[in-house]
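Coordinate analysis (summary)
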Amino acid sequence: MDKIVVLDFGSQYAHLICRRIREQGVYAELVSYKIDADTLAGMSPKGIIFSGGPASVYEDGAPLCDRRILTLGIPILGICYGHQILVHMLGGVVKRAKREYGSAELIVDDGKDLFMGIKQRMRCWMSHGDAAESLPEGFSILAHTESSFAAAVADRARKVYGLQFHPEVAHTEHGSDILRNFAVRICNARQEWSMSNFIDNAVNDIRSKVKEGERVLAAVSGGIDSTVTALLVHRAVGDRLTCIFINHGLLREGEEDEVLDMFNTLGIKPIYIDASSRFLTRLKDVEDPEVKRLIIGEEFARVFDDAVKEHGPFHWLAQGTLYPDVIESGVSISREAATIKSHHNVAGLPKWLNLKVLEPLRQLYKDEVRQVARLLGVPEHMVKRHPFPGPGLAVRIIGKVTEEKLRICKRASRIVEEELARAGLYDKVWQAFAIVGDDRAVGVLGDGRVYGHIVSIRVVESVDAMTADWAKLPYELLARISNRITNEVEGVTWVTYAISSKPPATIEPQ
Ligand code: XMP
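Residues numbered from 1 in each chain as written. Predicted model: local features only at pLDDT ≥ 70, side-chain atom pairs only at ≥ 80, totals over all residues. Heavy atoms only, no water.

The name an unreviewed UniProt entry assigns to the protein is GMP synthase [glutamine-hydrolyzing], from the organism Candidatus Nitrosocaldus cavascurensis. Turning to the protein, the UniProt record has this under Function (unreviewed entry): "Catalyzes the synthesis of GMP from XMP." In the Catalytic activity (unreviewed entry) part of its UniProt record, the protein is described as follows: "XMP + L-glutamine + ATP + H2O = GMP + L-glutamate + AMP + diphosphate + 2 H(+)". (UniProt positions renumbered as here; feature names shortened; annotations may be inferred.)

Next up on the list: the sheet that holds strand E12 (residues 271-274). Taken in spatial order, the 5 strands of this open sheet run E12-E11-E10-E13-E14, and their pairing is parallel. The open sheet is flanked by E12 and strand E14 (356-358), the only strands paired with a single partner. Between one strand axis and the next, the sheet turns through 25° on average, direction left out of account. Inspection of the sheet shows strand E13 (residues 316-318) paired to E14 by 3 bridges, in the parallel sense. Across the sheet, Leu317 pairs through a bridge with Val357, a residue of E14. Across the face of the sheet, helix H9 (residues 289-311) comes into contact with strand E10 (216-219), strand E11 (241-247), E12 and E13 while running at roughly 145° to E11. (Pairing = 2+ DSSP bridges. Helix = DSSP H or I, 4+ residues; strand = E, 2+ residues; numbered from the N terminus. Axes fitted to C-alpha atoms, helices over the stretch in contact; angles between N-to-C directions. Contact = heavy atoms within 4.5 Å.)

Helices that pack against each other are described as a pair by the angle of their axes relative to one another and the distance between those axes. Between helix H8 (residues 276-283) and H9, the least distance of the axes is 10 Å, while the angle of their chain directions is 150°. Relative to H9, the element H8 is oriented roughly antiparallel. As H8 packs across H9, the resulting crossing turns out to be right-handed. For the pair formed by H8 and H9, the contact residues are Arg278, Phe279, Arg282 and Leu283 on the first element and Lys292, Ile295, Ile296, Glu298, Glu299, Phe300, Arg302, Val303 and Asp306 on the second. Looking at the contact of H8 with H9, its residues break down into 6 nonpolar, no polar and 7 charged. (Parallel < 35°, antiparallel > 145°, perpendicular 65-115°, else oblique. Left-handed = near helix turned anticlockwise from the far one by under 90°. Nonpolar A, V, L, I, M, F, W, Y, C, P; charged D, E, K, R; others polar.)

UniProt's entry tags Cys80, His166 and Glu168 with the feature "active site" (unreviewed entry), counted in the numbering of this structure. Spatially, the listed residues are clustered: although they cover 89 residues, their C-alpha atoms lie within 11.0 Å of one another. Residue placement: His166 occurs in the loop between strand E9 (160-163) and helix H4 (175-186). Beyond its immediate chain neighbours, meaning those up to four positions away, His166 contacts Tyr13, Ile79, Cys80, Trp125, Ser127 and Thr172. Positionally, Glu168 belongs in the loop between E9 and H4. Excluding anything up to four places from it in sequence, Glu168 contacts Tyr13, Leu16, Ile17, Arg20, Ile79 and Leu179.

Attention now moves to the sheet that holds E9. If you trace the 9 strands from one edge of the open sheet to the other, you get E2-E1-E3-E4-E9-E8-E7-E5-E6, paired in mixed fashion. The outermost strands of the open sheet, each flanked by one partner alone, are strand E2 (27-32) and strand E6 (121-134). In this sheet, neighbouring strand axes are inclined to one another by 20° on average, regardless of whether the strands run parallel or antiparallel. With 4 bridges joining them, strand E1 (residues 3-8) and strand E3 (residues 47-50) adopt parallel strand pairing. Residue pairing across strands places Val5 opposite Ile48, the latter belonging to E3. Together, E1, E2, E3 and strand E4 (76-79) form the strand contacts of helix H1 (residues 14-23), whose direction differs from that of E2 by roughly 160°. Along the sheet, H4 contacts E1, E3, E4, E6 and E9; its crossing angle with E4, the most-contacted strand, is approximately 165°.

Quick look at the structure:
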């Protein structure tokens, strides 16, 4: 498949560039800027994009690419810092300049190739402190803004293009058109990346790996990643796939039935293991949140191990690892740190299982997994279901996990979800649930005094769970949720709304 390779110089938008290119039907991959020219040429890209980044090209130790990449003859597009690298490495001068942050008017001076079919004046998104002072020989100006004489440049003979602004962000008008022009018009990449092609390729790939007579194991939770993984493997090897669904007793209300129904409709019958009592017994007197997480992880491994012994032998373990978890990192310390954490997950294969790993979603972003899910017939309400933490309701029950608090947490969370859905807001928020602890407050029920539980509602908006803000829900909706919870959930007298953003709070209370 034709592809564009994006070199990550540490920009928070590097993934976004990849996704925007893929949205144009062209496959794109992200690699570290440290890649050498031979390895990059070996990937046979139709085009190369240099991402932005936080550094300044003229500083000692600034991340630069292998110089030989500039002479591979493959078209290159530099964005922001990537543009400055091109200017700097090809003989121009980049200097600290008037800072330009936010929206600016871009005036196109040369509407051929990169700006083909795009209007002459448009808004673009700038975020830079450095700028080109003089351009390398052979470069001409394609567009300017009031503060940047070289907002877009090109050396068509060398097939090198540079943009001082960010075409990948939504605030840049026609940003996707510019990226499409680069990928399709300048690089001649074929638009072959579609989710139905992906399904065919993934299924063929699984078939070629899993030999006749070999069996595959998958743990499913009903979450979109493990569900799509199982469906792809099932399509490839049929009943040589065994799915295991472990109920740790900390699922949302009715979730076990919903998950089993869904798989039933999709033609897969997972082995259902109700291990609730094992988990709840081990959690009985545990208050510390980290200890709870540890116990749940440990017990999950034990239950899984028992199931493998009972239903094995297996040769492969299928996992729902996604693209952002597997790519090489760029330069920034936080990203390298984040990668260390996710590599921990990706390495994935629990050593005690000693199985080969199938990761059919390794190339995909979350929104692409959702598209695949729809194509494979996963019901819409499951595709759009909010993320749910692995340790389940244990992290939403503060203090000891008791039967009573579990009942309250499940019922109250269901009410929150129902009321949000009724108000048409469920799909607009990231997560919405109830939290219960040991705090109590006095209420009146009829003529009697009741000393009941306090339930907190947490509804947050987020794009990636890294940061989040509490949802500014209408008061009437909050009132309805509170009324229903105090009326319908026995033992609750008060309802509060959690209004801390992340940071400094986290989304889950534990
Ligand atoms: P926090 O609470 O750290 O959560 O702001 C960020 C996002 O991650 C989810 N989360 C988890 N997901 N296993 C998971 O699979 C976990 O142990 C876990 N802990 C938190 C949380 O729901 C939120 O979307």
